[in-house]
Amino acid sequence: MDTKNLPFLEKVMAKSGVHDIFDARDLTEVVFRVMRDLMTTEAADRVEAELHKPAETTEDRSLQLEIADLWHDTNPIVAFLSRVRPPWQGPGIFKIDSDRFLFRVENEGPMPPTVERETLVKAVFSATKDELSPDRIAEIATWLPDHIHQLWQEA
């Protein structure tokens, strides 16, 4: 299915099997949140700078967001905390490996039981890569743990 000309959230829906646009929005935000948790604030800011494009073409005000709004996190407390904490890398209980990445995606959003978490992650990754420069795509890849890095490359 050619999704090149679809709006961002519709790409996520088409590639993931999520049938509700609000779920696609919320799940995208969760994937972005976990991605940001792996990165420095500076790296996350460079990604956000390239995502100032509409997430959806709609009259519904709750969907009139830029992709950058989803990346930044619409929850102001989460958005603030993600800017002041260090990347969750290295040893310790907060390290985000591939299993923890997928666990968080599955448990922090409205994950439909019919959607595979890897499929959702790849759908968000694919839609995101369509919006980013080759430099940002390569930079994000350096932050992702093994299996998640593979999903990013395949997306």
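This write-up is about the structure you can find in this document. The structure presented is a predicted model; accordingly, all values stated were derived computationally and were not measured.

## A look at the packing of helix α2 (residues 21-38) against helix α7 (residues 117-129)
Where α2 contacts α7, the axes come no closer than 10 Å and their chain directions differ by 80 degrees. For the element pair α2 / α7, the angle class is roughly perpendicular. Across the interface between the two elements, Leu27, Thr28, Val31, Phe32 and Met35 of α2 pack against Leu120, Val121, Val124, Phe125 and Thr128 of α7. Classifying every residue of the contact of α2 with α7 gives eight nonpolar, two polar and no charged.

## Considering helix α3 (residues 41-49)
Regarding α3, the residues found buried are Thr41, Ala43, Ala44, Val47 and Glu48. Along α3, the residues classed as buried sweep out an arc of 160 degrees about the axis, all on the same side. Turned more than 90 degrees away from the buried face of α3, the exposed residues are Glu42 and Ala49. Where α3 is buried, its residues meet α2, α4 (67-72), α5 (76-84) and α8 (134-143).

## A few points about helix α9 (residues 146-154)
Looking only at α9, the buried set comprises Ile148, Leu151 and Trp152. Buried residues of α9 fall within an arc of 100 degrees about the axis and therefore sit on the same side. Residues of α9 that are buried make contact with α2, α6 (98-107), α7 and α8.

## A closer look at the nonpolar core
Val31, Met35, Phe101, Leu120 and Phe125 are the most contacted members of the largest nonpolar core, which totals 45 residues. Elements represented by at least two residues in this core include exactly α1 (8-16), α2, α3, α4, α6, α7, α8 and α9. A total of nine residues in this core trace back to one element, the largest contributor, which is α2. Ignoring any residue separated from it by four or fewer positions in sequence, one finds Val31 in contact with Phe101, Val105, Leu120, Val121, Val124 and Phe125.

## A few points about the pattern of salt bridges
Here the structure, examined in full by the defined rule, presents 12 salt bridges. For the salt bridge of Arg25 with Asp26, the shortest nitrogen-to-oxygen distance reads 2.9 Å. Taking the relative accessible area as the measure of exposure, Arg25 reaches 16% and is therefore buried. Here Asp26 falls in the partly exposed class, since its relative accessible area comes to 27%.

Calculation rules
Residues numbered from 1 in each chain as written. Predicted model: local features only at pLDDT ≥ 70, side-chain atom pairs only at ≥ 80, totals over all residues. Heavy atoms only, no water. Axes fitted to C-alpha atoms, helices over the stretch in contact; angles between N-to-C directions. Helix = DSSP H or I, 4+ residues; strand = E, 2+ residues; numbered from the N terminus. Parallel < 35°, antiparallel > 145°, perpendicular 65-115°, else oblique. Contact = heavy atoms within 4.5 Å. Nonpolar A, V, L, I, M, F, W, Y, C, P; charged D, E, K, R; others polar. Buried < 20%, exposed > 50% of the residue type's maximum accessible area, 1.4 Å probe, protein only. Arc of directions from axis to C-beta. Core = buried A, V, L, I, M, F, W, Y, C linked by side-chain atoms within 4.5 Å. Salt bridge = Lys/Arg side-chain N within 4 Å of Asp/Glu carboxyl O.

This is a description of form; function is not addressed.
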